[in-house]
Amino acid sequence: ATVLFTLGSNNAGLTMQPFYASKAFGFDPLQTGALQTVRFASGVLGLAVLLPPILRCAGPKAAIVLSCAWNTLVWPLYCVLAEGWQLYALAAISCLGGLYFPPVRASLTATFGAAQHGAALASMGTIEQLAGILVPLAFTELWSATAARPGQNVGTPFLCAGGLACLGLACALAMPQ
């Protein structure tokens, strides 16, 4: 459940980011591409540089909880941005957003053991595919129903993404060590 909700929040936010950048700040495709590059580079930094010491010092559950909490806080911040450069700042600090993936995969493997290693990872892949298909579809519809209309708050989908991350955080907090 943690993966479904947290991945769902990330897929939702990343789906909405180009629409938001264009509508709220008039970003052209090059600016939007640069924004997404900063976001993904920040994710690589988080996984390659920040995750190893977090795992050593605090453990896998702490990394998962930190990642879920970070997503819960960061996605709703899109609602209060006033200038386009702030999108880049949020993208740059998103380095903790994907830290849940490796510890969750390792936990699944440890829980199910070597005999069911493949089944555990296949179940994870199924959840990832469902979130990758259904969440962008749902959030594109949410965008159309709210933010795409004149006079509507363009941040509404990001509040919903934060809500999904909050559900992921609740599940992560309920996980055993």
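Anything mentioned here points back to the structure above.
Keep in mind the model is a prediction, meaning the values are calculated, not measured. (Residues numbered from 1 in each chain as written. Predicted model: local features only at pLDDT ≥ 70, side-chain atom pairs only at ≥ 80, totals over all residues. Heavy atoms only, no water.)

Asker: How would you explain the packing of aromatic side chains if you had to name every residue and give the values?
Answerer: In total, this model carries nine aromatic pairs according to the counting rule given. The interplanar angle of 25 degrees and the centroid separation of 5.7 Å between the aromatic rings of F27 and Y88 together place this pair among those described as stacked. With F27 in the loop between α1 (2–25) and α2 (29–58) and Y88 in helix α4 (residues 85–92), this pair connects stretches of sequence that are 61 residues apart. When its relative accessible area of 9% is taken as the criterion, F27 is described as buried. Three or more aromatic residues joined by ring pairs make a cluster, and in this case those are Y20, F25, F27, W75, Y78, Y88 and F158. (Phe/Tyr/Trp six-rings, centres within 6.5 Å; stacked < 30°, edge-to-face > 60°. Helix = DSSP H or I, 4+ residues; strand = E, 2+ residues; numbered from the N terminus. Buried < 20%, exposed > 50% of the residue type's maximum accessible area, 1.4 Å probe, protein only.)

Asker: Report on the nonpolar core, specifying residues and quantitative values.
Answerer: Of all hydrophobic cores here, the largest spans 35 residues; its most connected members are Y20, Y78 and L87. The set of elements that each furnish at least two residues to this core consists of α1, α3 (60–77), α4, α5 (101–112), α6 (117–145) and α7 (156–174). Non-local contacts of Y20, meaning those with residues more than four positions away in its chain, are made with F25, Y78, L81, L87, W143, V154 and F158. Formed by six residues, the second largest nonpolar core is a distinct cluster that contains L51, A63, C95 and L96. (Core = buried A, V, L, I, M, F, W, Y, C linked by side-chain atoms within 4.5 Å. Contact = heavy atoms within 4.5 Å.)

Asker: Tell me about α7, and name the residues and values.
Answerer: Taking 1.5 Å per residue as the helical rise, α7 with its 19 residues ought to reach 27 Å, and the 28 Å between its terminal C-alpha atoms agrees with that figure. Of the positions making up α7, those classed as buried are P157, F158, A161, G162, L164, A165, G168, L169 and A172. The buried residues of α7 occupy one face: seen down the axis, they fall within an arc of 155 degrees. Of the exposed residues in α7, the ones pointing more than 90 degrees away from its buried face are L173 and A174. Where α7 is buried, its residues contact α1, α3 and α6. (Expected span 1.5 Å × (residues − 1). Arc of directions from axis to C-beta.)

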